Amino acid sequence: MEEYLEKFKERTRSEQRWLCEVFEGVRQQLYPLISSSVGLSVEQLTLSVLSKVHRAVGSEVTSLPVSYRFVSLSELTRKQHTPCCCSLTWSSAHYREQARRAEQALPNHRALARDNILLMGYLYDGSAAGASDGGWWVRDAGGAVSCLMVKSSPLWLGRLMLFPTWNYIPQNAPAGGGGYLELIDPPVCVTPEAMTFDPGGSLTEAMSVKRVAELLKQSDRCDTLVCVSGQVSVISPLLLISGRRFFCLILSEGDSAAPVLITEAKHQYWRQCVCVGQYICISTMRVCSLRGWAGHHVLSVTAQSRLHPHVQPQQSSEDPDTHLMDTDSHAPDTHMTSHTASCSTTSVRKKNSTLISYRGLITKVLHAEAGLYEIDGKVGLCLAYQPLQECGGGLRPGAEIQLHNVHFLYRPSPFAPDVILCACLRSSAQVSAFSPLSSKSEVGGSHSPLQRHLLEKNLGVSQYLWLCYCQRVITERLCPRWVRKERVCVVAGRLLDCVCNAEQKTDRKRDIYREMLQEPHLCPVTTYCVSWPCVVLWSVRQLCDWMSSDVWSSLSLSSLVSPAAAHMTCAELNACLSWSVHSVSLTAAHSQPLMLVGVLELNSSHATLQIKDQTQTLDCVCVQTDQSGATTNSNISTAWLGCLVCVQRCTLVMERSMKTNFPSWTHLDQPNYITHKHCRLYLQFCVSDLIIISPSAAMSISLMEKKRDQTDRRETDGDPLRSACVSLIFRLNSKQGVMFRNTSVSADPHTLQMGFMATVLCLGDVQIWNNDPKNRRIQTRETDGPQTTMDLHFGDVCVRWFPVLHPGSVYRLIAHNTEDVSVLKAESISARGGVKLLSNPALLMKHQWRLHTLTHTEQLLDTQSDVGAVMSVSKVLHSSSTSEIVSFYGVICQRITLQEEVGTKPNIQSMTATKDRSVVEEGLKIRLTVQDSESSGHMIQVYVDLSCGPYTPGLLQGATVILQDFQRKVSKACNVYCRSLPISCVTVTGLGSVSSGSGGSKSPPPMMLLGEWASGRTQQCIVGQVKGHIVCVLSLRLQWMCSLCGSAFKQGSCSRGQPPCDSSCSVFQAEAKVAVEDGSGEALVWFSSDTVSELLTLDAVQWEGLQRHARVKGHVRVYTRGHSMMCDVDPEDPLVQFLCCLCSSNTVCRQIKLTCRLRAQRTGKCQLRKVCRGPTEFISKFPPAPQLQCLQIHTDTH
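The shown structure was predicted, so the numbers you read here are calculated from the model rather than taken from an experiment.

**Thoughts on the pairing of strand β10 (residues 165–170)**
Here comes step 1: Taking burial as the measure, the six residues of β10 include six buried ones, the bulk of the element.
Here comes step 2: Alternating residues of β10 divide into T165, N167 and I169 and W166, Y168 and P170, and every residue in both groups is buried.
Here comes step 3: Two strands pair when backbone bridges link them, and strand β2 (residues 84–87) and β10 are joined in this way by four bridges, in the antiparallel orientation. In the sheet register, C85 faces β10, and the bridge partner there is N167.
Here comes step 4: Pairing geometry for β10 and strand β11 (residues 179–183), over five bridges, is antiparallel. Counterpart to N167 in the pairing with β11 is E182.

**Some thoughts on the confidence of the model for the chain**
Here comes step 1: When pLDDT is averaged across the chain, the result is 85; 85% of the residues are at 70 or more.
Here comes step 2: Contacts of residues 313–346 to residues separated by more than four positions or lying in other chains number 59 contacts, the stretch itself having pLDDT below 50.
Here comes step 3: A low-confidence stretch, residues 996–1001 stays under pLDDT 50, and its non-local contacts, those more than four residues away or across chains, total twelve contacts.

**A look at the packing of aromatic side chains**
Here comes step 1: All chains considered together, the criterion is met by 15 aromatic pairs.
Here comes step 2: Aromatic rings pair up to connect Y4, F8 and F23 into one cluster.

**Comments concerning helix α10 (residues 488–499)**
Here comes step 1: Between its first and last C-alpha atoms α10 spans 17 Å; for twelve residues at 1.5 Å apiece the expected length is 16 Å, and the two agree.
Here comes step 2: Every buried residue belonging to α10 is among V488, C489, V491, A492, G493, L495, L496 and V499, and all of these are buried.
Here comes step 3: Where α10 is buried, its residues touch α8 (449–457), α9 (461–477), β29 (536–538), β31 (594–603), β34 (644–647) and β37 (690–694).

**Regarding the sheet that holds strand β12 (residues 188–189)**
Two pairing modes exist for strands in a sheet, parallel and antiparallel, and in both the strands are linked by backbone hydrogen bonds.
Here comes step 1: Strand order in this open sheet of nine strands is β4-β2-β10-β11-β8-β7-β6-β9-β12, and the pairing throughout is mixed. What marks the edges here is a single partner per strand, and that holds for β4 (113–114) and β12.
Here comes step 2: With three bridges joining them, strand β6 (residues 120–124) and strand β9 (residues 160–162) adopt antiparallel strand pairing. Note on β9: the bridge partner recorded for Y122 is L160.
Here comes step 3: Relative to β9, helix α3 (residues 42–57) is tilted by about 35°, and along the sheet it contacts β6, β9 and β12.

**Some details on empty space enclosed by the protein**
Here comes step 1: Going through the model one piece at a time under the given rule, you end up with four cavities of 30 Å³ or more.
Here comes step 2: In this model, the largest cavity occupies a volume close to 80 Å³.
Here comes step 3: Taken together, S637, A639, S702, E705, N775, R776, R777, I778, T853, L854, T855 and H856 make up the full set of residues lining the largest cavity.
Here comes step 4: Per-class residue counts for the lining of the largest cavity are three nonpolar, six polar and three charged.

So, how was this worked out
- Residues numbered from 1 in each chain as written.
- Predicted model: local features only at pLDDT ≥ 70, side-chain atom pairs only at ≥ 80, totals over all residues.
- Heavy atoms only, no water.
- Buried < 20%, exposed > 50% of the residue type's maximum accessible area, 1.4 Å probe, protein only.
- Helix = DSSP H or I, 4+ residues; strand = E, 2+ residues; numbered from the N terminus.
- Pairing = 2+ DSSP bridges.
- pLDDT = per-residue confidence, 0-100.
- Contact = heavy atoms within 4.5 Å.
- Phe/Tyr/Trp six-rings, centres within 6.5 Å; stacked < 30°, edge-to-face > 60°.
- Expected span 1.5 Å × (residues − 1).
- Axes fitted to C-alpha atoms, helices over the stretch in contact; angles between N-to-C directions.
- 1 Å grid on protein atoms, 1.4 Å probe; cavity = no way out; pocket = protein on both sides within 12 Å on 5 of 7 lines; lining within 4 Å.
- Points joined across faces, edges and corners; volume = space filled by probe spheres on them.
- Nonpolar A, V, L, I, M, F, W, Y, C, P; charged D, E, K, R; others polar.

And the structure:
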């Protein structure tokens, strides 16, 4: 040390201290690795290091670079946790200018922080340890770090190097610590002696590529040793197959090519030393044949082979240790324009890609694990068909990259940039300039799950890009709550199977040798699909946002009212606008096919089924279908809960509720009359439209049970995680509707909680299990014991089970983490004093208990007798033995929202402060017109109060419903109707049409004879068609009314005096009463405003003129007296005379065909009438004529 410092005695103390640190660093980290053949001492090696440092800093600088500290590789990897850069040759001004330009090019990134570190080490490839992976490493006595270089030379291997300029990028590897170096400038050799280079043969005997190509065509020249010189045209990536690493390159000369296979482990580092366009010479290669490429010969390197880089002809070399890369650069615009004109995305088709070379700047890492990058802000790069590069290959934002033999694809996927450059096994991607920006580096290594799926399924590039899009979407919306990170790619692959048909998948096996070496080139990227698959995956939030927007943007007030809106008063018009529904199919929500992915769960606040992801939840109405596709019942199994499903076919339902005060129909174009509006959103679909992507545990058991039915009946063990539990098998006899109740579990006695009660039949005793049986087959011991009936109460969050409980189904109730059978024993109240107890024993459902639907219940079919029968609408209407509480099914053909009565209060005032308006609406009552599913003419009106419980979705026109425990009542006019009770339950079992205005059944009403309709000898229809003759017009009334108060409107003002009405809006109304007979009987038929003009056979101009004449009087009424028409007021008025003449004419009294509805009427006595037949007179009883309301006049009377 003293002799060493003696040479620098004129230096300052700080410089001498720095010299001591360098000396110690060289002695501890570098000298132990130096070869003895070099013959250098520590002092000599240190002086050599200082000489190289001085030359790198600049010979004009006299002072020593004391700001640079000597750091070992182990210290660098241990302490440096942020990316940094270092350069001995940069000035501070140069660094700041470079950082400024880099940050301007990519504003979202920051430049690498600069650190002053003196870094030296030995370059090696790991072959000495027998573990060469083709990468280059830097090592010293303390450790080693992998490195990347823009330019490299085989002459650098095994030499001690000083690294003037480099970047260090740390990595958060699972093993902890680590990182890699990006060597920007060529390293400087520290040892003065040059390493001996053995070319492995005489270079003067090198053959041209043309001669070698002719040699390879001869089948008898195997094992011939040759030395070849030529230009590199193709470099394949380094491959690892069956534990063997190798890569290929092709030397070319004109039209001739010579493929070279490098399989020797000691020569794997050559992959970093050659580049496309470079002239090289390789010695001592052997001619051989490939087993996987029959009929072809290649050159294979041997252990004695040497790589000798040449300079390109007519070009001089600046440095023998560095090799410049000369490649063609193609601008993307040239290729983009050549493809844009011929590309069309209107239909999915296949195209052939084009091989090009490209140079650009990486601007974004789209998906590092998937091998997706963005170049120059507009071009995509896909490296998935090549192995992942070690340390990410330096592919960070800001790096310049050189691409050769990459495939140009235009619009292969709508979820990627329009232009995609895809690298195959014949392509090479090399960083030509490392990024000066700080960015995260992905951990290199084996194939990512996406790439493994690509290899296993042999996907095309279009399918792979959609798979990457799907993987990103699932990660954002379902991971980690429902899908584990390591299972994301599996789920994405199943979704890909859903959108790709079997014939769209390729089963052709890949041949890597043909892909790399054969001409013409053929690989999985040669042909691609244009913009396919194009299925868009929407999140639940995206779907809800679209529905919330479309429900109001599609609103057309004029389309919500009937053609009779012009004759409606203010109250009638606003009642029609109070509720409406807009429903579209999922495919109509987007220009591209849509797919919704989510998890099916139960909603405890709405008591409905819902689909959800990590963005939002959405209520669902789900029904079952039979094999013919007809809806049967809503028995959706509990096994569906927790399943990750894919929905491609469903109906988006948007119910609108509005409060309006429109004066008349002429103001419908003025939205300021809408005072309040809100909507309800939900989905409707069938179970058969659900595709299971990831089944729940119960669904897995159910699927295994089905497979076992097809094979054998062997029992399976329970869950591997054993947990004691008790269970009870029961069959559901009936259930009540969900409503707000005062329950004993409520913390606040004034707060209501939702709840319902179900009556069940216990099929056996409570059983103890070592593990959870879930929904496995019923064992014999579970049905041993007496069958008892009990009431099962569901309250608070337990109401979530409501949509999966169905009368007649069998369930298993499970209480976990207990062996006490008493927890599932129902409690009964003891009777005292001779009082007879009528109630059943009761059991309160706990929130931690679970229910499972059991499907294999053939042995329990005899227990169905106690399940309540569900009647048809016809039976409810006409059965004389029907009880007051009925359950029936039918199809909804009309829904009307009933107006609130002014001044009324809620039925239960204590719950109004705690209700969630998204769940319950105060005072919401509706009237449903339900028709018989088999006979469309039989209808019944049902009044439903929706304010006592959660809102019931799906009550739309065309929907099939089961109405349980409704009160059957008969009006004063002897009409049968039903109304809901607090225990009533409405279940949707069939879905209506997708179109908003569908009116239920498409079958026309039946033809009816008036005599049979009047006598009631057959089951009466509410709606029917009548064909008969108009005998006479009994009355005709034309009037103008005030739209606001309903008083007569004369001469442009309302006639009401007390209190006065200042309304200026009037509506015209007309009503006619005629007598119609068809030979079997007669009926009185009423015609309203919209059908009177057709009755009188007046066209639009005549009808408007008649309204103008009636406006003067405000009210005109003519009626029949005797055989003539007359009017009580001003009979000489021309308008009155015209109406009397028109009503008596044959134009009105004609054959006619009508669709009519039975009006409310009191039961009258039969009338005695004299009937003459020839000279004989008869006295006969005639039933009272039925009173009908005309709904439609048919022009075809035949």
